[in-house]
Structures are given as structure tokens and as C-alpha cells.
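The lines below spell out each chain.
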Amino acid sequence: MSTSQARKARLAEALASLGPTVERLSRLSQRSYQNPYTAVEWPAEVRPEEEWFGSPEYLSLYGTEFWERLDEAARRRLAFHEAANFYSLNIHGEKGLMQGLAERLYRKDLLDVAGYLHHFLDEENKHSIYFGGFCTRYAKVYRSRQFSFEESRDERPRDVEDFLFFTRTMIFEEIVDHYNLVQSRDSRLHPVARFINHNHHFEESRHLVFGRRLVAALWESCSPSWDGGTVAGVRDHLRQFFTTSWREYYNPDVYADAGLDEPWETAERAWLAPAQREHRRRVSRKVTTFLLSGGILDKEPVDAF
Amino acid sequence: MRSEQEFRDQLRSWIRSKSGEGETAALTDGTALFEERYLRSVHLPELLLLLERLCGEPIDVEELSPRDFRSIDAMVRRYARSGVAS
Ligand SMILES: [Fe+2]
Ligand SMILES: [Fe+2]
């Protein structure tokens, strides 16, 4: 058998082993199929300075020099803009995710998971409707800084590209889910903010199960045929992805809207603040532990912390 | 206000921190950063944030030209002018 045939056979076997999980997740998705247009009662207006829209301990300036200088109303205003930023970064992340899922739908070698990819795609679109619903009604959709051009794109074999796509998805979703879970349980939050976080956490729990199984299966079936340079490239890419993802939580546009001076310097100093570095390490721990224990990463993505 | 030199120095040290040490020995302000694989797509959002901080203005991704990111010289030409006194 040639290397590529052996790899195909291993991938087929790995995907087949996902069968029972994928069937169970698909049944759950069908059972909780949602209509995002009727599931929320949007209040006519919200009061950003009087109510919390995000958990204060999860704000990007918490534990920094800036936090001490903000009074209660300013902290709530920051939480409100930061909630809109959190929803916006989800929208932009889900946009890329939907593209990648759509591209892989009914691909011959992924046929075994096509049924579930339909749910995944459908659910991400609905999540973005919730996030967009909040942002467009009460705040705005913050811009994304993601872009690429021809010379910046990597030419990678398809199995490497698949692995990176699903692993990036997992990292992104695990970080988001940590915020969702904490904020869904925070009784200080406005009911709409709690609902959005709770609903996303509830939905994402299926994607996270799927992601972990698929990433492990792809790694086990594909990486044995990758040479040292490819594996090193994969690891560099994933480590940088942690940084890229986390940087989005420190958005200068938010600081400007919250009335802070020197928004870019604020973002940089908050990023470097010890309390925030520790926060990022802690929130990332579940996914870094998964990646390290499976041998996918050989060291922590320290630049992100 | 940042000087043009400071703009170059900050870009250079950021690029060095992103690529392996050996590879950066030959890095100059004219090096084609993406063609020569010092940087990749996954670095772009962070690079954009750094450029915004250096020039103190938002940069709209919908109005970018890849040419402006080719090298340190290209970035200085395009972005060190607007907000930076040299
Ligand atoms: Fe989602
Ligand atoms: Fe998801």
C-alpha cells in the first residue's frame, strides 16, 4: 500500500470510529432544533450603565491599573461594549467556521460525518443570528482584523489543512465556552446576556465533543506520515493561533467606545498585565491540556500568555 | 508621536519574535516577509493591531492592499506617514 493509500485507510477507520458519537450528537441536535427568531424576547432598550452585560472578573481590564481608575458606571459601560465585542468576535469566528464546514460538506472522504456537518453549519449560523441580534439592536458589530492575501496563504496538503481547521475551531470554541459557562451562571447579568451565553454554551457542548473526537482521530491517522518540518509548522501555527484569538479580546475600538484614552496603548498594557496573562492561561488550560497530553503541542503557547 | 526609526525598530523586533532565530539573520527592511515565509496569514491580525498602535489610527481591512505589507519598507511608506511625525 502506498503512503497516501495507507493514510486514506487510516482516516476512513478513524472517521468510522466516530460513528456512534456522530449519530448521538445528530439526534440531540434534531431534538433541540431552534428558531432564533422566536427564542428570544428582545427588550426595547437596555441600560448599559445600570446593568451588567458581562462578568466583571472576565473583562479585559480586570486586575490591571485601568480597572482601579474606573467607577462603577464606567465598569458597567466597559462590560457592555466588551459584551458586544465578545459577540462580534464570535460572529467573525463563526463566519470562517461556516466557510470551512461548507467546503467540507459531502466531500467523499468525509461522507461519514456529512450529516453532522449539516447540524454544525446550521447551528453556527443561528448562533450568529443571536449575537448579531444583540449587536445590531443595542450596540454594533465590531470590525474584524482578520484578512489574508495570496502571498500570505500557505500551500498545505489537504490532511494538514483539515487538521488545522478543526483544531483551530476547537481552540476558538473552548475559549469562548469558558466565558459562556461562567456568564450563563452569573446572576448579576442582564437576562438577555445570560440567555445568549447560556444558549451558546448549551449548543456548543455538542460541537466540543465532536471537535475533541475528530481532532484526536485526525491527529492519530494523519500525523504519523508528516515529516518533522510539517509537524513543527503545525505546532507553530497553532501556538500563534492562540495569540491571534486572544488578542481579539483586547480590542482598542472597545476602549475608545468605553471612553478610555489612548485605546491602542491601553490594549497593549492590558495584554501584558500579569493578572490578564494568568487569566488567559487559566481559561486556556482545558484545551492546552488536551493538546499537550495528546502530543499535538510539545510546549505551552507561552506567547499567548 | 513615533519617529520613523522607532516604527521600523518595533516592526523588526516583532517580526523577529514571530519567526525562528536562525531565519531572521538575513532579515532586512526590504525582505519580502510573506514570500520568504517570515510571516504567514495567521500573523496578520496581530500585525494589523501593531500597525494601528504605531500610527494611532484604525486600519480598515476592507481597504488594504497586499502590496503595503510586502516588507518593512512598504509598511513604513504606507503607514508611517499618516499619523507619525518623522
Ligand atoms: Fe457557535
Ligand atoms: Fe460551535
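Note that the structure is a prediction, hence the values are computed from the model and not measured. (Residues numbered from 1 in each chain as written. Chains lettered and ligands numbered in written order. Predicted model: local features only at pLDDT ≥ 70, side-chain atom pairs only at ≥ 80, totals over all residues. Heavy atoms only, no water.)

### Description of the packing of aromatic side chains
Residue and element names in this part refer to chain A. Counted according to the given criterion, the structure contains 29 aromatic pairs over all chains. The interplanar angle of 65° and the centroid separation of 5.4 Å between the aromatic rings of Tyr62 and Trp67 together place this pair among those described as edge-to-face. Here Tyr62 falls in the partly exposed class, since its relative accessible area comes to 34%. Under the relative-accessibility criterion, Trp67 is labelled buried at 6%. Geometrically, the ring pair formed by Phe147 and Phe149 is tilted, given 6.2 Å between the ring centres and 40° between the ring planes. One exposure class covers both Phe147 and Phe149, and it is buried. Taking NZ or CZ as reference, Lys126 lies 3.5 Å from the ring centre of Tyr33, over its face. Taking NZ or CZ as reference, Arg280 lies 3.7 Å from the ring centre of Trp271, over its face. (Phe/Tyr/Trp six-rings, centres within 6.5 Å; stacked < 30°, edge-to-face > 60°. Buried < 20%, exposed > 50% of the residue type's maximum accessible area, 1.4 Å probe, protein only. Lys NZ or Arg CZ within 6 Å of the ring centre and 35° of its normal.)

### Structural notes on helix 3 (residues 72-79) of chain B
Within the sequence span of helix 3 of chain B, burial applies to B:Ile72, B:Ala74, B:Met75, B:Val76 and B:Tyr79. Those residues of helix 3 of chain B that are buried lie in contact with helix 1 (4-18) and helix 2 (44-55) of chain B. (Helix = DSSP H or I, 4+ residues; strand = E, 2+ residues; numbered from the N terminus. Contact = heavy atoms within 4.5 Å.)

### Remarks on the environment of A:Glu161
Residue and element names in this part refer to chain A. Mapped onto the elements of the fold, Glu161 is located in helix 6 (residues 158-184). When neighbours within four sequence positions are excluded, Glu161 is seen to be in contact with Arg104, Asp154, Arg156 and Arg168. Reaching out from Glu161, the side chain makes a polar contact with the side chain of Arg156 at a distance of 3.0 Å. (Polar contact = N/O pair within 3.5 Å; in protein donor to acceptor, adjacent residues only side chain to side chain.)

### Some thoughts on the coordination of the iron ion (ligand 2)
By definition of the ideal shapes, four donors in a tetrahedron about a metal sit 109.5 degrees apart, and six donors in an octahedron sit 90 or 180 degrees apart. Residue and element names in this part refer to chain A. For the iron ion (ligand 2), every protein donor is listed as Glu124 (OE), Glu173 (OE), Glu204 (OE), Glu204 (OE) and His207 (ND1), and the spread of their distances is 1.9 to 2.4 Å. Taken in chain order, the donor set of the iron ion (ligand 2) reads E-x48-E-x30-E-x2-H. Between the two metals, the iron ion (ligand 2) and the iron ion (ligand 1), the spacing is 3.4 Å, and Glu124 donates to both. With Glu124 in helix 5 (residues 114-138) and His207 in helix 7 (residues 191-222), the pair connects residues that are 83 residues apart, well separated along the chain. The exposure class assigned to Glu124 is buried, which follows from its relative accessible area of 0%. (Donors = N, O, S within 2.8 Å, 3.2 Å for Na, K, Ca; no water.)

### Considering the confidence of the model for chain B
Residues and elements named next belong to chain B. Residue-level pLDDT values for chain B average 87, and 87% of them are 70 or greater. When the elements of chain B are averaged for pLDDT, helix 1 gives the smallest value, 93, and helix 2 the largest, 96. Interface scoring of the predicted complex returns ipTM 0.92; its pTM is 0.95. (pLDDT = per-residue confidence, 0-100.)

### Describing the interface of chain A and chain B
With 23 residues of chain A at the contact, the number on the chain B side is 25 residues. Interface area for chain A against chain B, summed over the two sides, is near 2,200 Å², with a carbon-plus-sulfur share of 60%. Counting the contacts that link chain A with chain B gives 6 salt bridges. Where chain A touches chain B, the interface holds 12 residue pairs in polar contact (both at pLDDT 80 or more). If you list the elements that add at least two residues to the side of chain A that touches chain B, you get helix 8 (228-247) and helix 10 (263-272) of chain A. Examining the composition of the side of chain A that touches chain B, we find that 6 residues originate from one element, helix 8 of chain A, more than from any other. (Buried area = accessible area lost by both parts, 1.4 Å probe. Salt bridge = Lys/Arg side-chain N within 4 Å of Asp/Glu carboxyl O.)

### Points about the coordination of the iron ion (ligand 1)
Residues and elements named next belong to chain A. At the metal site, the iron ion (ligand 1) is ligated by Glu94 (OE), Glu124 (OE), His127 (ND1), His200 (NE2) and Glu204 (OE), and these contacts range over 2.2 to 2.5 Å. Each donor residue of the iron ion (ligand 1) lies on one chain, and together they are spaced E-x29-E-x2-H-x72-H-x3-E. Classification of His200 by relative accessible area gives buried; the value is 3%.

### Let's talk about the pattern of salt bridges
Under the criterion given, the structure shown has 40 salt bridges over all chains. In this structure, A:Arg107 engages A:Asp109 in a salt bridge whose closest nitrogen and oxygen atoms are separated by 2.9 Å. A relative accessible area of 29% places A:Asp109 in the partly exposed class. The shortest N-O distance in the salt bridge between B:Arg78 and B:Asp68 comes to 3.5 Å. Of the two residues, B:Arg78 is situated in helix 3 and B:Asp68 in the loop between helix 2 and helix 3; the sequence distance between them amounts to 10 residues. For B:Arg78, a relative accessible area of 39% gives the class partly exposed. On the accessibility criterion, B:Asp68 (13% relative accessible area) is buried. Among the charged side chains, a salt-bridge network with shared partners connects B:Glu4, B:Arg8, B:Asp9, B:Arg12, B:Asp29 and B:Asp73.

### Remarks on the environment of B:Leu48
Looking at the secondary structure, you find B:Leu48 in helix 2. Taking C-alpha positions, B:Leu48 is 14 Å from B:Ala74, a pair spaced 26 residues apart along the chain. Residues in contact with B:Leu48, not counting those within four places in the same chain, are A:Arg145, A:Phe147, B:Ile59, B:Val61, B:Leu64 and B:Phe69.

### Section: the environment of A:Leu111
Residue and element names in this part refer to chain A. The topology assignment puts Leu111 in the loop between helix 4 (72-104) and helix 5. According to the relative accessible area criterion, Leu111 is partly exposed, its value standing at 46%. Considering only alpha carbons, one finds Leu111 and Ala12, 99 residues apart in sequence, at a separation of 9.7 Å.

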